[in-house]
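What follows is the residue order along each chain.
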Amino acid sequence: MTSTENSPWSDIQKPVTGYNVKRVDADHPHDFFWGKDTDGNYLLLLELTKELAEFLEGKSVDLQGVKTDITFHSTTSEYFFKLSLQNKEDADIFYRLCLDLVDRTKDVLVRKVALEIINNRLKRWKAFLRGKKKYLLSAREVRGLFAELEFVHKGLTEYGDQLTVLEGWQGPLDEPQDFVLGDFAVEVKSLTGLQKDKVKISSEHQLVTHLDNLYLHVIYLAEFHDCKKGHSLNTQVEVVRNAIKDTENKDVFDSRLYETGYLELKDYDSPCYSVRKHESFHVRDDFPRISPEDLVDGVSGVTYDLDLKSLDSYVCELPLK
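Since we're looking at a predicted model, the values are computed, not measured.

**Overview of the packing of aromatic side chains**
A ring pair, where both rings are aromatic, is described by two values, the distance of the centres and the angle of the planes. Scanning the entire structure with this criterion turns up 14 aromatic pairs. With a centroid separation of 5.1 Å and 75 degrees between ring planes, the pair formed by Trp-9 and Trp-34 is classed as edge-to-face. Of this pair, Trp-9 sits in the segment before strand 1 (20-23) while Trp-34 sits in strand 2 (residues 32-36); the two residues are 25 residues apart in sequence, bridging distant segments of the chain. Exposure remark for Trp-9: the relative accessible area of 0% places this residue in the buried category. For Trp-34, a relative accessible area of 5% puts it in the buried group. Taking 5.0 Å as the distance between ring centres and 70 degrees as the angle between the ring planes, the aromatic pair formed by Phe-287 and Tyr-314 counts as edge-to-face. Residue Phe-287 is located in the loop between strand 11 (272-282) and strand 12 (304-307), and its partner Tyr-314 is located in the loop between strand 12 and strand 13 (315-316); the two are separated by 27 residues in the primary sequence. Judged on exposure class, the residue Phe-287 and its partner Tyr-314 are both buried. The rings of Trp-9, Trp-34, Tyr-42, Phe-94 and Tyr-95 are connected pair by pair, giving a single aromatic cluster. A cation over an aromatic ring shows up here: Lys-277 above the ring of Tyr-220, its NZ or CZ 4.7 Å from the ring centre.

Written as structure tokens, this is what we have:
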């Protein structure tokens, strides 16, 4: 986290006129500056030529709480692409947004290409912020999303129709089960070495379906904070995206990712996970679970732990092929 006190704007004085700025990175191929205006607003500025300023006219993307525009400094005759934070309470997420734009363009030498990348990233941020998702997933949410992505990849490579797999990914849509594939549903859980052989069932509806079959699929993960092994959440996303053959299907995948609250940020470069094994359980009539019919009137929203050691007789293969 970056508090107001230790942010890159903390040692920039509010100017009487114009902007006060300091260079973001002297080694960066493009001229990014942290800045403040006469109202004390936090800024990120990118120096432009007149031609590039004209190229950007009409292409600016305003985000929730962040205003973007092209400015001209009459004293120095310089043009800038400017991002201005409207509310300092959002300084932390604005800082991450700025770092994302700077990082995404550090290996791009052509300024016009860099601007196109910035524009595309801002569109992603706009969709992300519009969804009013909290901007960082918790450690548990990261593990859960990693596991769901692992299952998406499994489905893309083993199931017959990739679009069916992507559209069947229901977890981001807050449906009871994570996946619905044809006539069966799959609930995916992750388990690391830090956890006991138990998975948390988050509602009385999670292990109940109107479909022909329901499976509980557990993905056992090893966690590495030095990332010398395994994949981070960011690299896992790329592994899945690269497995999608049709470009239009990648849009379906991205739309699901937005719904999870994920946006590719450096925060998700660690920890890393490697998959130790997959294990599936057939949720049959006698499967140990709590269903809505088990509850008395007025009781709902039940969560409980399911002991995997008691499920040996339910181990099965998924009908993916």
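**As for the sheet that holds strand 3 (residues 42-48)**
Read from one edge to the other, the open sheet built from 5 strands follows the order 1-2-3-5-4, with strand pairing classed as antiparallel. The sheet is open, and its two borders are formed by strand 1 and strand 4 (66-73), each paired with just one other strand. Strand after strand, the sheet turns through a mean of 30 degrees between neighbouring axes, direction not considered. Note that strand 2 and strand 3 share 5 bridges and pair antiparallel. The residue of strand 3 that forms the bridge with Trp-34 is Leu-44.

**A short note on the state of the cysteines**
Under the criterion given, the structure shown has 1 disulfide. The partner cysteine of Cys-227 in its disulfide is Cys-272, sulfur to sulfur 2.1 Å. Between Cys-227 and Cys-272, the disulfide has an S-S torsion of 95 degrees and is therefore right-handed. In this pair, Cys-227 is assigned in the loop between strand 9 (213-224) and strand 10 (231-232) and Cys-272 in strand 11, connecting sequence segments 45 residues apart. In this structure Cys-227 comes out as partly exposed when scored by relative accessible area, which is 26%. Relative accessible area serves as the criterion here: at 4%, Cys-272 is assigned to the buried category.

**Regarding unusual backbone geometry**
Excluding glycine, residues mostly carry a negative phi; peptide bonds, for their part, are mostly trans. Of note, the amide linkage connecting Ser-270 to Pro-271 takes the cis form, showing an omega dihedral of 0 degrees. Turning to its location among the elements, Pro-271 is positioned in the loop between helix 7 (247-260) and strand 11. Of note in the backbone geometry, Asp-174 takes a positive phi value of approximately 65 degrees without being a glycine. Looking at the secondary structure, you find Asp-174 in the loop between helix 5 (162-168) and strand 6 (179-181). On the basis of relative accessible area, Asp-174 is assigned to the exposed category, the value being 70%. Its identity as a non-glycine residue notwithstanding, Cys-227 has a phi of 60 degrees, on the positive side.

Calculation notes
- Residues numbered from 1 in each chain as written.
- Predicted model: local features only at pLDDT ≥ 70, side-chain atom pairs only at ≥ 80, totals over all residues.
- Heavy atoms only, no water.
- Phe/Tyr/Trp six-rings, centres within 6.5 Å; stacked < 30°, edge-to-face > 60°.
- Helix = DSSP H or I, 4+ residues; strand = E, 2+ residues; numbered from the N terminus.
- Buried < 20%, exposed > 50% of the residue type's maximum accessible area, 1.4 Å probe, protein only.
- Lys NZ or Arg CZ within 6 Å of the ring centre and 35° of its normal.
- Pairing = 2+ DSSP bridges.
- Axes fitted to C-alpha atoms, helices over the stretch in contact; angles between N-to-C directions.
- Disulfide = S-S within 2.5 Å.

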